[in-house]
Structure formats: C-alpha cells, structure tokens
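What follows is the residue order along each chain.
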Amino acid sequence: MTNENEIWEMAKVNLQQQLGFSDISMNLWFESMVLKVLTENAAYFQIENDFKQNIINTRYLDDIKKALAEILGFETEVVVLSIEKESFESKLAKVLCEGKDNA
C-alpha cells in the first residue's frame, strides 16, 4: 500500500493542476503540510503555524479534498492541525476525543 507521504505527493500534483498554481505558490502554501494520519474517514495534516492553517482551511480545503479523492478513490474529511503552539499528537488526541472544532 502507498504510504501517506506518497499519497500527499500525488495529491499535490492534482491540486496544482486544479488551482493552476506555480511551483512557488504550491511551495508557499502546501510544501510544509505533512499528511500524518490517514484513516477511512479523514486525512490529518500537520502544518507549522496558525496563519497557514487558517488560509488552508478557508481557501483550499475543498480543493485538497477533491485532489485526495482522485488519488484515494473515495472522499475523506481533511483536518489541518497547526503545531505552532502545541504538538500534532496532542492536537490529534483532542480532535479524536472532542471533535475537530476544539483543536
């Protein structure tokens, strides 16, 4: 089976085509995103700061979902977690226990 890194790399190719982004724009917004956990229901990404998390969540979430669906063959939720103030593992635990709005 393909690992999370390979899935995200393939999805980024689709995403770049969908958005019509240059390599510079792709690097700016998506290069630091890491697909850390992939389940049947959700893809959990790590990103380095709250600012980028907000931009991704407000502007590009649907595009990421579409790009992942093309690779995976099914739709999945996308959850982007910033590690600016707290570790990915800590935030993921909160999301899984309490719901993604509390992360």
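Coordinates for the structure precede this section.
Residues numbered from 1 in each chain as written. Predicted model: local features only at pLDDT ≥ 70, side-chain atom pairs only at ≥ 80, totals over all residues. Heavy atoms only, no water.

A. Inspection of the overall build of the protein at higher detail. A tally of regular secondary structure across the protein gives four helices and three strands. Ordered by position from the N terminus, the helices and strands of the protein form the series α-α-β-β-α-β-α. For 103 residues, the compact-globule estimate of 2.2 N^0.38 gives 13 Å, and the C-alpha radius of gyration of the protein, at 13 Å, lies within 12% of that figure. Taking the principal axes of the C-alpha coordinates as reference, the protein spans close to 35 × 30 × 20 Å. (Helix = DSSP H or I, 4+ residues; strand = E, 2+ residues; numbered from the N terminus. Rg over C-alpha atoms; globule rule 2.2 N^0.38 Å.)

B. Here's a closer look at the pattern of salt bridges. Counting across every chain of the model gives six salt bridges. For the salt bridge of Asp50 with Lys85, the shortest nitrogen-to-oxygen distance reads 2.5 Å. With Asp50 in helix 3 (residues 50–72) and Lys85 in the loop between strand 3 (77–82) and helix 4 (88–98), this pair connects stretches of sequence that are 35 residues apart. Connected through salt bridges with shared partners, the residues Glu9, Lys12 and Glu31 form a single ionic network. (Salt bridge = Lys/Arg side-chain N within 4 Å of Asp/Glu carboxyl O.)

C. Up close: the pairing of strand 2 (residues 42–47). Among the six residues of strand 2, six are classified as buried, and the element is accordingly described as predominantly covered. Here strand 2 shows two buried faces, one formed by Ala42, Tyr44 and Gln46 and the other by Ala43, Phe45 and Ile47. When strand 1 (residues 34–38) meets strand 2, the two strands line up antiparallel, connected through four bridges. Opposite Leu35, over in strand 2, you have Phe45 as the bridge partner. Linking strand 1 back to strand 2 in an antiparallel pair, the connection comprises three residues. (Buried < 20%, exposed > 50% of the residue type's maximum accessible area, 1.4 Å probe, protein only. Pairing = 2+ DSSP bridges.)

D. Inspection of the sheet that holds strand 2 at higher detail. Taken in spatial order, the three strands of this open sheet run 1-2-3, and their pairing is mixed. Pairing within the sheet leaves two strands with one partner each, and these edge strands are strand 1 and strand 3. Neighbour-to-neighbour, the strand axes of this sheet turn through a mean angle of 30°, independent of strand direction. (Axes fitted to C-alpha atoms, helices over the stretch in contact; angles between N-to-C directions.)

E. Broad picture of the packing of helix 2 (residues 23–30) against helix 3. It is at 10 Å that the axes of helix 2 and helix 3 come closest, and there the two elements cross at 120°. In terms of axis orientation, helix 2 runs oblique to helix 3. On the side of helix 2, the interface is formed by Leu28, Trp29 and Phe30, while helix 3 contributes Phe51, Lys52, Ile55, Ile56, Tyr60 and Ile64. Broken down by class, the residue content of the contact of helix 2 with helix 3 amounts to eight nonpolar, no polar and one charged. (Parallel < 35°, antiparallel > 145°, perpendicular 65-115°, else oblique. Contact = heavy atoms within 4.5 Å. Nonpolar A, V, L, I, M, F, W, Y, C, P; charged D, E, K, R; others polar.)

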